[in-house]
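The residues making up each chain are set out below.
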Amino acid sequence: MNRPRRRQATALGLGALLAASLAFAAPASAATATTTASASATATPLVVNARWGGHCTYDRVVIDVRGYVPDVTVTRVPKLVYDGSGKPVPLAGRYFLEIRLHPAAGHDDAGRNVYRGPKLLKIYLPKLKGLALTGDYEGYVTLGAAFHTKPAYTSFKLHSPERFVLDIAHPNVC
């Protein structure tokens, strides 16, 4: 064997030996835990459902998320429009809230839809009159809620399972 090939073979052998010794130095459980933790922390949360319910003194919207609940902003807007197109959302109401989750997606990495909630729905609760998915675009998932009167609301996150909750106050109906 000539000298350059012998050096190359020696270098490859030493590299393989070094890699093998490093693999045995750290316990497998530590490597798996690190990989799993970093993958779950960086994976984009998936918005899988939106649901609603009426209670004696409030109406509730719940957005179910797979992964973790990302940052959520709730904004009063003069009208609801679909993200991307800017077309108006056909929900009756005089007041509207835009609920925007980021980072989030309503589809998986292969582009398959994972969101199973309402796309556009008229609702007959004391305050909440409609709910629509208005966007799933470039890391943002947006929903819109419609009301006939100005909504007073509070919001919070719940865990196990992960979800975002929006409560809209109204006079006692019970």
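A brief report on the enclosed structure follows. From a predicted model like this one, the values you see are computed outputs, not experimental measurements.

Right, let's get into the nonpolar core. Side chains of nonpolar character tend, in soluble globular proteins, to be buried together. Counting residues in each nonpolar core, the largest one holds 24 residues, and the members touching the most others are Ile63, Ile99, Leu101, Leu143 and Leu166. Put simply, the parts of the chain that give this core at least two residues each are strand E1 (46-54), strand E2 (58-66), strand E4 (95-102), strand E6 (128-137), strand E7 (140-147) and strand E9 (163-169). Counting residues per element, this core draws most heavily on E7, at four residues. Apart from the residues lying within four places of it in its own chain, the contact partners of Leu143 are Ala50, Ile63, Leu97, Glu98, Ile99, Leu101, Tyr115, Ala132, Leu133 and Thr134. With seven residues, the next largest nonpolar core counts Leu80, Val89, Leu91 and Ala146 among its residues.

Attention now goes to the pattern of salt bridges. One pass over the full model with this rule turns up five salt bridges. In this structure, the salt-bridge partner of Asp64 is Arg51, at a minimum N-O distance of 2.9 Å. Placement of Asp64 in strand E2 and of Arg51 in strand E1 is noted, with a sequence separation of 13 residues between them. By relative accessible area, which is 13% here, Asp64 ends up buried. Looking at Arg51, the relative accessible area reads 36%, which means it is partly exposed. Notably, a salt bridge pairs Arg60 with Asp167, separated by 2.6 Å at the nearest N-O pair. Of this pair, Arg60 sits in strand E2 while Asp167 sits in strand E9, and the two are 107 residues apart along the sequence. The structure contains a network of salt bridges with shared partners spanning Asp83, Glu98 and Arg100.

Reading the values: rules and limits
Residues numbered from 1 in each chain as written. Predicted model: local features only at pLDDT ≥ 70, side-chain atom pairs only at ≥ 80, totals over all residues. Heavy atoms only, no water. Core = buried A, V, L, I, M, F, W, Y, C linked by side-chain atoms within 4.5 Å. Buried < 20%, exposed > 50% of the residue type's maximum accessible area, 1.4 Å probe, protein only. Helix = DSSP H or I, 4+ residues; strand = E, 2+ residues; numbered from the N terminus. Contact = heavy atoms within 4.5 Å. Salt bridge = Lys/Arg side-chain N within 4 Å of Asp/Glu carboxyl O.

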